[in-house]
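Examination of the molecular architecture
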Amino acid sequence: MMRIKYFMIACMVSAWSLFQVQAQPYVNKYKWSKDGDQYYTIDQGQIVQVHLPDQTTTTILSKADLTTQSMNQQVNPEDFTISEDGNKILIYTNTEKVWRYHTKGDYWVYDRATKALTQLGKGLPASSLMFAKFSPDAQKVAYSSAHNMYVEELATHKIKQLTKDGTDRIINGTFDWVYEEEFGARDGFRWSADSKKIAFWHVDARSIKNFLMINNTDSIYPYTIPVEYPVVGQDPSAVKIGVVNIDNDKISWMQIPGDARQHYLPRMEWAGNNQIIAQQLDRKQQVSTLYLADASSGTAHSIYKESSDTWVDIKSRWHGDNPIGWDFIEQGKAFLWVTEKDGWRHIYRVDLQGHEKLITKGDYDILDLLAVNEKEGYVYFMASPENATQDYLYRTKLDGSGTAERVSAENEQGTHAYNISPNGKYAEHTFSNANRFPIRDWVELPSNKIIGQAPIARTLPPGFPQVKYIQIKTDEGVVMDASVTLPENFDSTKKYPVVFYVYTEPASCTVKDSWGNGRNFLYQGDMQKDGYIYVSIDSRGTPAPKGTAWRHSIYKKVGILNIHDQYEAAKKVIEWPYIDKDRVAVWGWSGGGSTTLNLMFQHPDVYKTGIAVAAVANFLTYDNVYQERYMGLPTDADNTYKIASPISHAAGLEGNLLVIHGSGDDNVHYQNAEMLINELIKHNKIFSFMEFPNRTHAISEGEGTSRFLGNLYTHYLQEHCPPGGK
């Protein structure tokens, strides 16, 4: 998805060192016990158990335990898993990045009975194991390495290779670039409950063309870096699901109907010992079908189908970019399913015959399904029925008989997040809003009672500029949420420059009442003290909890409807008496960079200065899963790819434009910048340009890169849109 990566994903964080946050690894730092009354975590290089509610701590794996006897080498855990019986611990270390996250590395097993620490995968390349996991009986560990599947006996450490066809383009047990980027699909295999079989994805990416990135700096002779990247209009990889029998190595392929190159399989789990449940999407992602397949014969049949005239979202779109897990209830006889088909994103109970029942009722969207407490008959979910910029914990009766009941404290208005225990009794809770520092505590549910010492709520210093949330209504009657941060010592009799921060695409909102929002994370210095007004507006098509019609109105109109809405709202803003119409700037990253270009090219009457970072200039260059989901196929008679692409409007540039791109961007390729440059040259348009050699979409790699990027941004803005009231 064209989201801003790493440190920029959910809340836009200030560049002030006091407030900086780090990119989160692809791990869950807390591991709940099965009973939910304690959790495990890494503390100063050791693995500890924390008991609730008193929060007493027991070390279960010390640094001494993590020191190898043969080499006297300490293993530093970056993640870990505890076996079902609690007797073994799987330790993940020496990790390396695969595209976005550190998903390959070395694995060790510690046996708590024998106190033996043993490395897995001996003989395989260092830091090459992916997604290692215990069998349910804790006798084996399975993992992927170099696109093949392996299983290792823990008693003998004998390794068996389960697949033999893995290459750079035949992928077993994990995924290709686009499945990871757009479906959140990374971990590509699952153990059966009886520990006898493994279900796994098989991806045939041989038909996907290489996009060649060039490295000009790391050697005297440049070299190319190939990335298998399916652009708009190219058929997807052929994906299928296999089930391998551990004893005899026999693989059964699930016979899910349809052309594998015209469908996607973004979700799969076991449904009992001998059944697989899988979600299939058609090429345009408008039809979602759930199949049950016999794990031995592969015979599959449809149990549940939904369709849309626009697109059907999957779990990773609202569950932290993670589609893993199937929310089974009633001992596997039914499951909870989320769909937008009635005009709102709601939770349904669906049984294995496909019969459904609505659980969450009302004119509101759920934001995420968090936990189920079957014993007490409740499902917990995030929602914000009254304010689309906020996020709260709710619960409702699992049988669908109740109404939504807010669990989050009424006096904490803003954005909440929870990590709920399996028994639904406890949760790690975080809370912030745009004008209040984040706090973290542990609470009991549903009372919200804080366990242990209450955190100290830090408040902003006196005179610190407040972020205000307003609604802007256009002449067409469209009401949009906006954040506004006024200058320090604001004087309404003066005229100030305004800087619009934009994204506007279906992948992300920019107007969220959470810490960091409304404050510029690239600006070097104090934007409010210098005298800027900072504004962001969520237009139609952004994933705000305002109903399906709001979110899906942008179908085939990315680069059209969002540009129109932003312009109409900006016209309202610049009519405020304290706005200097000659000092109006706009900037954005990724999809926000695309929006910046379109606004600068099409509406120079409003936008005088623009900074576009890592922008998609030509929508036909982006990947097929994202772009076809929201824009349809380029072969559609009513396709809008050309008119929506910023490059088509480059002749309209009149103001000051800075284009920034990393030449190593595997997401939004550097070719977008060069295509745009050619078009601007053709029309004799003067602009500024900065390439960051070999930097990715985040433009964060390399010594001094972040500092230089911030300084470049700040100097350009100050030069062409000078700060201060006049």
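Since the structure is predicted, the reported quantities are computational estimates derived from the model, not experimental observations.

**Structural notes on the UniProt feature "domain: Peptidase S9 prolyl oligopeptidase catalytic" (unreviewed entry) in the protein chain**
According to UniProt, the feature "domain: Peptidase S9 prolyl oligopeptidase catalytic" (unreviewed entry) maps to residues 528-706 in the numbering used here. Split by type, residues 528-706 is 33% helix and 19% strand. Its first and last C-alpha atoms lie 21 Å apart.

**What about the environment of lysine 726?**
Along the chain, lysine 726 turns up in the segment after helix H9 (705-720). Sequence-wise, lysine 726 and arginine 440 are 286 residues apart; in three dimensions their C-alpha atoms are separated by 42 Å. If we ignore the near neighbours within four places in the chain, the residues touching lysine 726 are Lys494, Lys495 and Arg583.

**As for the nonpolar core**
Soluble globular proteins tend to bury their nonpolar side chains together. Judged by nonpolar contacts, the single largest core of 51 residues is most densely connected at Tyr179, Phe183, Ile241, Ile256 and Ile276. If near-sequence neighbours (up to four positions away) are discounted, isoleucine 256 is found in contact with Ile241, Leu265, Ala278, Gln280, Tyr291 and Ala300. Counting residues in each nonpolar core, the second largest holds 42 residues, with Phe500, Ala570, Leu599 and Val606 among its members.

**Description of the sheet that holds strand E39 (residues 579-589)**
Taken together, the 8 strands give an open sheet; going across it, the order is E35-E36-E38-E37-E39-E40-E41-E42, and neighbouring strands pair in mixed fashion. Two strands in the sheet have a free side with no partner beyond their single neighbour: strand E35 (467-473) and strand E42 (688-692). The mean inter-strand angle of the sheet, taken between neighbouring strand axes irrespective of direction, is 20°. One ladder, built from 5 bridges, connects strand E37 (residues 496-501) with E39; its direction is parallel. Directly across from phenylalanine 500, in E39, lies its bridge partner valine 586. Lying on the sheet, helix H4 (residues 561-573) is in contact with E35, strand E36 (479-485), E37, strand E38 (533-538) and E39; it crosses E35 at an angle near 110°. Along the sheet, helix H5 (residues 591-602) makes contact with E39, strand E40 (609-613) and strand E41 (656-662), crossing E39 at roughly 145°.

**Quick word on the sheet that holds strand E34 (residues 436-444)**
With antiparallel pairing, 3 strands are arranged side by side in an open sheet as E32-E33-E34. The open sheet terminates on both sides in strands that have one partner only, identified here as strand E32 (415-420) and E34. Here the average twist between neighbouring strands, direction ignored, is 15°. In the sheet, strand E33 (residues 426-433) pairs with E34 via 7 bridges, with the strands oriented antiparallel. The partner of phenylalanine 431 across the bridge, within E34, is isoleucine 439.

**Comments concerning helix H8 (residues 671-682)**
What sets the pattern is the α-helix's 3.6 residues per turn: residues three or four places apart point alike. Taking 1.5 Å of rise per residue, 12 residues should cover 16 Å, and H8 covers 17 Å from first to last C-alpha, within 8% of that figure. If you check which residues of H8 are buried, you get Asn672, Ala673, Leu676, Ile677, Glu679 and Leu680. Angularly, the buried residues of H8 cover 165° about the axis, an arc narrow enough to put them on a single face. With respect to the buried face of H8, the exposed residues turned more than 90 degrees away are Asn678, Ile681 and Lys682. Where H8 is buried, its residues contact H5, E41 and E42. Backbone geometry just after H8 places asparagine 684 at a positive phi near 60°.

**A word on the environment of lysine 333**
With respect to the element layout, lysine 333 can be found in the loop between strand E24 (328-329) and strand E25 (334-339). In this structure the C-alpha to C-alpha distance between lysine 333 and proline 230, which are 103 residues apart in sequence, comes to 38 Å. Discounting chain neighbours no more than four positions away, the residues touching lysine 333 are Asp351 and Leu352.

**A few points about the confidence of the model for the protein chain**
Scored by pLDDT, the protein chain comes out at a mean of 93, with 96% of its residues at no less than 70. Here residues 1-26 is modelled with pLDDT under 50, and outside its nearest four sequence neighbours on either side it reaches 87 contacts, counting other chains as well.

**With respect to the domain arrangement of the protein chain**
Its domain assignment divides the protein chain into domain 1 (315-406) and domain 2 (467-720). The C-alpha-based centres of domain 1 and domain 2 are spaced at 33 Å. Counting residues at the interface gives 10 residues for domain 1, matched by 17 residues for domain 2. Here domain 1 and domain 2 share an interface that buries about 1100 Å² over both sides, 44% of which is from carbon and sulfur atoms. Three residues, Arg317, Ala388 and Thr389, lead the burial of domain 1 against domain 2; their summed loss comes to 49% of the area buried on that side. Where domain 1 touches domain 2, the interface holds 2 salt bridges. We note a salt bridge from glutamate 340 to arginine 551, for which the minimum N-O separation is 2.7 Å. Taken together, the connections running from domain 1 to domain 2 amount to 12 residue pairs in polar contact (both at pLDDT 80 or more). Along the lines of polarity and charge, the residues of the side of domain 1 that touches domain 2 split into 3 nonpolar, 3 polar and 4 charged.

**Observations regarding the packing of H4 against H5**
Look at H4 against H5: their axes get within 10 Å of each other, and the N-to-C directions meet at 65°. For H4 against H5, the interelement crossing comes out right-handed. Facing Asn562, Ile563, Gln566 and Tyr567 of H4, the residues of H5 in contact are Thr595, Asn598, Leu599 and Gln602. Classifying every residue of the contact of H4 with H5 by side-chain character gives 3 nonpolar, 5 polar and no charged.

Calculation notes
The residue count restarts for each chain, going from 1 along the sequence in the order it is written. Owing to the predicted nature of the model, reporting of local features is limited to residues with pLDDT of at least 70; listing and counting of side-chain atom pairs is limited to 80 or more, with chain, interface and lining totals taken over all residues. Only hydrogens and water are set aside when side-chain values are computed; all heavy atoms of the structure are taken into account. UniProt positions are given in the numbering used here, feature names are shortened, and annotations may be inferred rather than shown by experiment. Secondary structure counts use DSSP, requiring at least four H or I residues in a row for a helix and at least two E residues in a row for a strand, with both numbered from the N terminus. Pairs of residues are marked as contacts when any of their non-hydrogen atoms sit within 4.5 Å. What makes a nonpolar core is a set of buried Ala, Val, Leu, Ile, Met, Phe, Trp, Tyr and Cys residues whose side-chain atoms join them at distances within 4.5 Å. Type-normalised accessible area, obtained with a 1.4 Å probe on protein chains alone, sets the label of each residue: buried when under 20%, exposed when over 50%, and partly exposed for intermediate values. When DSSP locates at least two bridges between a pair of strands, those strands are taken to pair. Throughout, an axis means a line fitted to C-alpha atoms (over the contacting stretch in the case of helices), and angles, computed between N-to-C directions, take values from 0 to 180 degrees. What a helix is expected to span follows from its residue count: subtract one and scale by 1.5 Å. An arc is given here, and it is the one of the directions from the helix axis to the C-beta atoms. Think of pLDDT as the predictor's per-residue confidence, scored from 0 to 100. By convention here, the domain bounds are inherited from an automatic or database domain assignment. A simple way to read buried area is as the amount of 1.4 Å-probe accessible surface that goes missing from two parts once joined, with both sides added. Take a side-chain nitrogen of Lys or Arg and a carboxyl oxygen of Asp or Glu: if they are within 4 Å of each other, that pair is a salt bridge. For the purposes of these results, a polar contact is taken to be a pair of N or O atoms within 3.5 Å, where, inside protein, one atom must be able to donate a hydrogen and its partner to accept one; residues adjacent in sequence count only when each atom of the pair is a side-chain atom. The classification used treats Ala, Val, Leu, Ile, Met, Phe, Trp, Tyr, Cys and Pro as nonpolar, Asp, Glu, Lys and Arg as charged, and all other residues, Gly among them, as polar. For any pair of crossing helices, the crossing counts as left-handed if the nearer helix is rotated counterclockwise from the farther one by less than a right angle, and right-handed if it is rotated clockwise.

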